[in-house]
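Residues per chain are reported as follows:
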Protein chains: 2
Amino acid sequence: MADKKKRKRSKDDEAEELPFKSILESDEAILELFKSYVSSSIKAAAGAGGASSSSSKPLTLADLSLSSSCREVADLSLSSVQTEIETVIVQIARSILAGDGFSFNVPSRAASNQLYVPELDRIVLKDKSTLRPFASVSSVRKTTITTRILALIHQLCLRNIHVTKRDLFYTDVKLFQDQTQSDAVLDDVSCMLGCTRSSLNVIAAEKGVVVGRLIFSDNGDMIDCTKMGMGGKAIPPNIDRVGDMQSDAMFILLVEKDAAYMRLAEDRFYNRFPCIIVTAKGQPDVATRLFLRKMKMELKLPVLALVDSDPYGLKILSVYGCGSKNMSYDSANLTTPDIKWLGIRPSDLDKYKIPEQCRLPMTEQDIKTGKDMLEEDFVKKNPGWVEELNLMVKTKQKAEIQALSSFGFQYLSEVYLPLKLQQQDWL
Amino acid sequence: MADKKKRKRSKDDEAEELPFKSILESDEAILELFKSYVSSSIKAAAGAGGASSSSSKPLTLADLSLSSSCREVADLSLSSVQTEIETVIVQIARSILAGDGFSFNVPSRAASNQLYVPELDRIVLKDKSTLRPFASVSSVRKTTITTRILALIHQLCLRNIHVTKRDLFYTDVKLFQDQTQSDAVLDDVSCMLGCTRSSLNVIAAEKGVVVGRLIFSDNGDMIDCTKMGMGGKAIPPNIDRVGDMQSDAMFILLVEKDAAYMRLAEDRFYNRFPCIIVTAKGQPDVATRLFLRKMKMELKLPVLALVDSDPYGLKILSVYGCGSKNMSYDSANLTTPDIKWLGIRPSDLDKYKIPEQCRLPMTEQDIKTGKDMLEEDFVKKNPGWVEELNLMVKTKQKAEIQALSSFGFQYLSEVYLPLKLQQQDWL
């Protein structure tokens, strides 16, 4: 019986024998190390004359003399959107009266009109645009849809309410026929008016959650994210009603998936190492991307990303960092500069001795995606990322964040992340 | 110009001319009507001698003398789960020492072992079980997996932490091979130990959100859901850390989808008609089902469901109400009795004059699903539901909640729902 008890205790204490646990320093020491990292990276950014993307004043298209050849949208107030719409309509009325007919001048959102700008580290839209005349069989439908969407957005401005893309579609099913048509024209209208989609008061479903050392206001209510239990606070779909961000966090931890988020929220990791934990539960949605950017810009905290060690993990990181091709016209507002790839990185698999059975073989498609990503500019500009991605493609192995559970359910929060912070091990 | 202004104003005021808006009474009058509905339905329940499912003491299997022929699980404390596991293992040790070998007695979760009990209005599991011997080629793997899962759950009990199914799978990929195997055995273990899956501290990803007149504690933090902005509060994945529910709401509004939820949250519908608004954003997940049930049981409020007018809307309602076949062993804890079908009902399409172009034709599959549902016991016992479903299958038309947007984006919150409350129009 005594023997049985002893064995049971040693099971409880298995955390003590976890790989690398022994080299962990005290939490205070790790936090001191992190503080010196932050101050040295601020100095480095200042030394580089504000050229680093982590500096407080990021580069703009104008700084690069690109503002005439590239197009960007801005957050506009509701009344400005209303004025823009009225200006467009008045122009068209004048054109009709002058005998020049009825047509919209719509920026092209095609791939050929997109450009990756290394200095900005994001994808932007070039300045090509096409005419959408009403008096043409091929474009009469699209012109009508564009007019209808403009009218609907104008209504939203007057009422100051938010709607979803689905709501918009249902206001005139007969005209729009299917939602992809109204959705596409909505993006056209954003570009035309030069404003972000959220300025149009059209929102997507919310998916993300946030927990940790952050206080902010959501539609007038003050939210304290240390007091959100394990569930966390759902990230609001309408960023324009989010404000007053305050935080004593030292960094933002961007987590790809739900399961890792829940582990960290339950263990209240943010109380041990002051941080804000955020996840979009998979593919980044617009609301979470806007929220992350707002945190980064207002709180000026480093962002560390915890994603799966597979090409999609890096892809997700790149969408947060450099934007998606589909919404390149709004990359300035949707992207968060200078996200660090903390893990799980391909080199971590051997470093942390992830057991063979917890690694998965990459499929042909995975390998192709990995190789394609090696050609992407935003990967190429970071030699560390190239090296890691090369290793992944060479070993043909991938692993999820959850693979760390093979050392015990709390290995992520008790050893892996503290050690990453201690060794400042991110790229 | 004056004329233009006038036309513009009439556009703003179009809400005044909305169908049925004119017959709406004042909010106070509607609330009075609702109060009398609640008190009369409480009286009716009391008059029926507690037999109605809305009474405070719901029927149990024991009341129906079914407890010996049916199997149900209960919420157990962590220490009870630990004791149950130890009891199972001691029994097996005794059996081995007695020369009877090593085997688990596992309740069958097959469809043939399930039963819909009309008096309870939910699906339950019958008492058949099968032997899972270690010394058999066909079951040796499953027996090993069962033993390993028991050991892992025992660990969770000792540490008092929650993990996801994915975490559990990753602790021994070599043995489990793929996650469906560890997931299935996890349900077996729930049945064997006679406890709910949440008692095992294994949780699913959170999906649902709640907003409105509810205060509750999540992992020790008090959450006021009137102060959660538009985003709302993410429903915690671990129901055992939820408690202290308080509310001055008059009803719970269960919403199928995100878009309708956001409309109601932004309009703060819960301030006009005191209520709690909850959604799982589509298919009901375990966390939202547990949360809804807990609200219903603790706050004793009527639950009104707002779902799409298609067979899947009714199916979703039935999962909240009567349970899913897959987890019938836990139907007592997962189901919320007496949910009312508020809308969008097939008869609403004509009643509210939903334009033809906002109705969608049902596919062959939709019609088949609708006809199958007409055969389900939980539909049959509600003649109103049968009538509506018959109408749907006959007209072959379906419609989403969003179809109401064709009358204006706020028609749902400004006319449809208030009128439903005024006319007490639910089934």
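Because the structure is predicted, anything quoted here is derived from the model rather than measured.

A. Examining the relation of the copies chain B and chain A more closely. Superposition of chain B onto chain A requires a rotation of 180° combined with a translation of 0.0 Å along the rotation axis, giving an RMSD of 0.0 Å. Such a combination of turn and shift is consistent with a two-fold rotation axis.

B. Local environment of the sheet that holds strand β9 (residues 215-218) of chain B. All names here are of chain B. Across the sheet, three strands lie side by side as β10-β9-β12; this open sheet has antiparallel pairing. Among the strands making up the open sheet, the edge pair consists of β10 (221-224) and β12 (242-246). Each adjacent strand pair in this sheet contributes to an overall mean axis angle of 20°, direction not counted. Bridge count for β9 against β10 is four bridges, and the pairing is antiparallel. When the sheet's bridge partners are listed, Ser217 is paired in β10 with Met222. Helix α10 (residues 286-299) rests against β9 and β12 of the sheet, and its axis sits at about 45° to β12.

C. Summary view of the state of the cysteines. Residue and element names in this part refer to chain A. Inspection of every chain in the model, using the stated rule, returns zero disulfides over all chains. Cys275 supplies the cysteine sulfur nearest to Cys225, a cysteine that is in no disulfide, at a spacing of 12 Å. Under the relative-accessibility criterion, Cys275 is labelled buried at 0%.

D. Molecular detail of unusual backbone geometry. Look at the link from Gly343(A) to Ile344(A): it is a cis peptide, with omega at -15°. Structurally, the position occupied by Ile344(A) is in the loop between β16 (339-343) and α13 (346-351).

E. The packing of aromatic side chains, seen in detail. All names here are of chain A. Summed over the entire model, instances satisfying the criterion amount to 28 aromatic pairs over all chains. Between the aromatic rings of Phe102 and Phe134, the centroid separation amounts to 5.3 Å while the plane-to-plane angle is 20°, which identifies the pairing as stacked. Of the two residues, Phe102 sits in the loop between α3 (78-97) and β2 (103-107) while Phe134 sits in the loop between β5 (129-133) and α4 (140-159), which places them 32 residues apart along the sequence. The exposure class of Phe102 is partly exposed, given its relative accessible area of 23%.

So, how was this worked out
Residues numbered from 1 in each chain as written. Chains lettered and ligands numbered in written order. Predicted model: local features only at pLDDT ≥ 70, side-chain atom pairs only at ≥ 80, totals over all residues. Heavy atoms only, no water. Least-squares fit on C-alpha atoms with pLDDT ≥ 70 in both. Pairing = 2+ DSSP bridges. Helix = DSSP H or I, 4+ residues; strand = E, 2+ residues; numbered from the N terminus. Axes fitted to C-alpha atoms, helices over the stretch in contact; angles between N-to-C directions. Contact = heavy atoms within 4.5 Å. Disulfide = S-S within 2.5 Å. Buried < 20%, exposed > 50% of the residue type's maximum accessible area, 1.4 Å probe, protein only. Phe/Tyr/Trp six-rings, centres within 6.5 Å; stacked < 30°, edge-to-face > 60°.

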